[in-house]
Amino acid sequence: MRFMVIFVVVLLLQEKEPVDFLVKSQVDREFQFFDHNLMESIKMGDPKVHEFLRVLALCHTVMSEENSAGELIYQVQSPDEGALVTAARNFGFIFKSRTPETITIEELGTLVTYQLLAFLDFNNTRKRMSVIVRNPEGQIKLYSKGADTILFEKLHPSNEVLLSLTSDHLSEFAGEGLRTLAIAHRDLDDKYFKEWHKMLEDANAATEERDERIAGLYEEIERDLMLLGATAVEDKLQEGVIETVTSLSLANIKIWVLTGDKQETAINIGYACNMLTDDMNDVFVIAGNNAVEVREELRKAKENLSGQNRNVSNGHVVCEKKQQLELDSIVEETVTGDYALIINGHSLAHALESDVKSDLLELACMCKTVVCCRVTPLQKAQVVELVKKYRNAVTLAIGDGANDVSMIKSAHIGVGISGQEGLQAVLASDYSFAQFRYLQRLLLVHGRWSYFRMCKFLCYFFYKNFAFTLVHFWFGFFCGFSAQTVYDQWFITLFNIVYTSLPVLAMGIFDQDVSDQNSMDCPQLYEPGQLNLLFNKRKFFICVLHGIYTSLALFFIPYGAFYNVAGEDGQHIADYQSFAVTMATSLVIVVSVQIALDTSYWTFINHVFIWGSIAIYFSILFTMHSNGIFGIFPNQFPFVGNARHSLTQKCIWLVILLTTVASVLPVVVFRFLKVNLYPTLSDQIRRWQKAQKKARPPSSRRPRTRRSSSRRSGYAFAHQEGYGELITSGKNMRAKHPPPTSGLEKTHYNSTSWIENLCKKTTDTVSSFGQDKTVKL
């Protein structure tokens, strides 16, 4: 992760030679800095520059420890914190160690220990964190960093000129997709601090309205701040993000971005991911300050969208099914053209009110892209709940930080990305992986295959059981509905658990219509699942009719063949037991041939299960009809010798063959005509796949495109409330050696080891500040 430190005193960079750092041993080897003016300010002892770097080295939740090689290791809750602490280290302000009462840093080669008086922890409402320390000279300082929109409201009026210049810098860097923070400080009077600290202790001991009282005291002391500058951190897009977003869009999956970034940064994210493009018909920005303004902006945006859509040639506006809201009925329209909706957190709070949310949801569903910026974790969860409640859609939320936990839990499917943001999102998710690009394979390959297999499993399951069961119904007309079964009782018992269970299980696990690479190359294959084309009421009734037809063939073909017919030995063969064995054998063969026709992807296991099930059937059949088992259990196996007698006659096998052909032939003819006359996209790709396989060996997978310089941005505090309390309590600290004095340590950071030990604590904390997250289908 790269970082940029912005001061008011920093001039535009003109030099091309990198600067020579004061403490070379502490600098990242890959880090280069070109602003010689900044280094000169540090060498000359500019108090504002030193104070800025001091804030970066003191105001954080980073933990440090030494490894066996004597190297200083940083354990960071957020990669942004690691970048900022490393920034201070590179310029000579090195965070060394901390205890519950002190923070030790090395300032340009001199060890300085600050007394930690108070830690004003971060949360998603405050959007800032502060520390109050006493320096060796006895002065009490408050150092604060946080979102610029929040911190600028706490500044002293004398910062007006500085505020204007810093705001310009922040706008510039937010437009480039950088993650920004404002930095400020305040000198505190000793008497005032003692009075404030006494009130804070009373508030911490209170049993009623404790959180409100603490928040009020934080607000009281975090005022009249003096602005020092701002930071901007560059966080590159992971590999394959653009390709993944593009593929999901082609699969008709709607992607909404819910982020805590500034509006400029959020828009930059959209353009970086190709979710926003210059070719879009219009981009609607909702920025109202109250419910009336927000409602009016939503109404105008919808009128503008509908008006432009009516003027398109041929007026293609397709109205889909109406879905009833609590207050209003929304007609979702498929509009021609691409539109985007951008709304900030303040306006979203009004838009989520009961009388406005229907307008918001209707407009958002008509847009191709939705970006919600400056939103809190609770608002993320509320947006997900809004879609779940009022739209017949499946939502998926994906995130990597603790502020995404509530959103992940609110969605139908939660996905956590494991990385430098910690493990909170992973622990709360249904699925987890290391990079965002794996979402493409999860949905377009494994998700689609899972739906394809499940639908085929259900269709076949209903078919074979209707074919098996309805034979008893037809037999009832000839036995006076006396409850006499047409099959041997052991066949009824073993049919579903032995004879037909393994083939359908293999199909449900291994079957696939097209390869994984073709599934990713053609995202449109995902749409049948969204439209429920592979299993619905129509498909169910087709399975029922297919099962009824097969049961008729299974019963009446053997019945007609056995009617007044004698066997090869001249004896009458139309007995109940021979009739039952013939039908049972025909049924097992028919359903096995049917699942062979349904199987699109053959493996060794499929062959063993399908043909092995038929072999198992004959083995059990001859065993149960043998003289030996009849001698042991004469009352349980009455069909003694019947299998050997029936299946040795050619006419029985002709009946079985005729029954199988009559049952399967219509299916073969129908599918042949359908594939050739009305092929689906899957049929076309499968045909091309077979042609390619015959023409040449399978080609290697195409190389993935790597991007060298793409940017994204997110709210810089990607962690949660509660770590300040842990730090000041010392519960998460081990006894360590005194801080090193040589200043020659190499520094790394690892963001997970100590956070994992706090899982229980963080889980409780997450549930306290609301719910949140963002990307939905």
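Counting from 1, residues in each chain are numbered in the order their sequence is written. The predicted origin of the model limits local features to residues at a pLDDT of at least 70 and limits the giving and counting of side-chain atom pairs to 80 or more, whereas totals for whole chains, interfaces and linings rest on all residues. The side-chain quantities take in all heavy atoms of the structure and omit both hydrogens and water.

Things to note about the confidence of the model for the chain
Next, step 1: Summary of the metric used: pLDDT quantifies the predictor's per-residue confidence within the range 0 to 100. Of all residues in the chain, 78% attain a pLDDT of 70 or more, and the chain-wide mean is 80.
Next, step 2: What makes two residues a contact is simply this: any of their non-hydrogen atoms within 4.5 Å. Below a pLDDT of 50 lies the segment residues 1-15, which in the model reaches 45 contacts outside its immediate sequence neighbourhood of four places, other chains included.
Next, step 3: Scored below 50 in pLDDT, residues 704-718 shows 61 contacts in the model against residues more than four places distant or in partner chains.

Let's talk about the sheet that holds strand S19 (residues 431-433)
Next, step 1: Only strands that DSSP links by at least two bridges are regarded as paired with each other. Numbering goes from the N terminus for both helices and strands, where a helix is a DSSP run of H or I of at least four residues and a strand is a run of E of at least two. Read from one edge to the other, the open sheet built from 3 strands follows the order S17-S18-S19, with strand pairing classed as parallel. In this open sheet, the two edge strands, each paired with only one partner strand, are strand S17 (396-399) and S19. Pairwise comparison of adjacent strand axes, ignoring direction, gives a mean angle of 20 degrees for this sheet.
Next, step 2: Here strand S18 (residues 413-417) pairs with S19 via 3 bridges, running parallel. Looking across to S19, one finds that isoleucine 417 is bridged to phenylalanine 433.
Next, step 3: Throughout, an axis means a line fitted to C-alpha atoms (over the contacting stretch in the case of helices), and angles, computed between N-to-C directions, take values from 0 to 180 degrees. Sheet contacts for helix H16 (residues 438-476): S17, S18 and S19; angle to S19, the most-contacted strand, approximately 140 degrees.

Quick word on a nonpolar patch on the surface
Next, step 1: Patch membership is restricted to residues that have no salt bridge and whose relative accessible area is over 30%. Joining uses 9 Å for like charges and 5 Å for the nonpolar side chains Val, Leu, Ile, Met, Phe, Trp and Tyr. Surface accessibility follows the Shrake-Rupley procedure with a 1.4 Å probe radius. Residue values consider only the protein chains on display as shielding. Salt bridges are defined as contacts in which a side-chain nitrogen from Lys or Arg sits within 4 Å of a carboxyl oxygen from Asp or Glu. Taken together, the side chains of Leu597, Leu654, Leu657, Val661, Leu665, Val668, Val669, Phe672, Leu673, Leu677 and Tyr678 make up a nonpolar region of the molecular surface, amounting to roughly 1100 Å² of accessible area.
Next, step 2: Per element, the largest residue contribution to the nonpolar patch is 9 residues, and it comes from helix H26 (residues 650-677).
Next, step 3: Along the polypeptide, valine 669 turns up in helix H26.
Next, step 4: Partly exposed describes any residue whose relative accessible area lies between the buried limit of under 20% and the exposed limit of over 50%, with all areas from a 1.4 Å probe on protein chains only and scaled to the type maximum. According to the relative accessible area criterion, valine 669 is partly exposed, its value standing at 40%.

Some words on helix H8 (residues 241-250)
Because an α-helix completes one turn every 3.6 residues, residues spaced three or four positions apart along the sequence face the same direction.
Next, step 1: Turning to H8, its buried residues are Val241, Ile242, Thr244, Val245, Ser247 and Leu248.
Next, step 2: Lining the buried residues of H8 we find strand S11 (255-258), helix H9 (263-272), H16 and helix H19 (516-521).
Next, step 3: Directly beyond the C-terminal end of H8, a positive phi value near 65 degrees is found at asparagine 252.

Notes on the side chain of serine 682
Next, step 1: Relative to the elements of secondary structure, serine 682 occurs in helix H27 (residues 681-695).
Next, step 2: The exposure class assigned to serine 682 is buried, which follows from its relative accessible area of 14%.
Next, step 3: Apart from the residues lying within four places of it in its own chain, the contact partners of serine 682 are Asp513, Val514 and Leu525.

Comments concerning the pattern of salt bridges
Next, step 1: By the definition in use, this model includes 27 salt bridges.
Next, step 2: A salt bridge links aspartate 190 to arginine 134; the shortest N-O distance between them is 3.9 Å. Pair noted here: aspartate 190 is in helix H6 (residues 190-205) and arginine 134 is in strand S7 (residues 128-134), with a separation of 56 residues, a long-range link.
Next, step 3: In this structure arginine 134 comes out as partly exposed when scored by relative accessible area, which is 22%.
Next, step 4: In this structure, aspartate 187 and lysine 141 form a salt bridge, with 2.6 Å as the shortest nitrogen-oxygen distance. Of this pair, aspartate 187 sits in strand S9 (residues 179-188) while lysine 141 is found in strand S8 (residues 140-146), placing the two residues 46 residues apart along the sequence.
Next, step 5: Classification of lysine 141 by relative accessible area gives buried; the value is 12%.
Next, step 6: Overlapping salt bridges bring together Glu51, Arg54, Glu107, Lys141 and Asp187 as one network.

Thoughts on the sheet that holds strand S12 (residues 282-286)
Next, step 1: In spatial order, the strands read S11-S16-S15-S12; together these 4 strands make up an open sheet with parallel pairing. Strands with a single pairing partner mark the edges of an open sheet, and in this sheet they are S11 and S12. Along the sheet, successive strands turn relative to each other by an average axial angle of 15 degrees, direction set aside.
Next, step 2: Of the strand pairs in this sheet, S12 and strand S15 (residues 339-344) are connected by 5 bridges, and their pairing is parallel. When the bridges of S15 are listed, isoleucine 286 appears paired with isoleucine 343.

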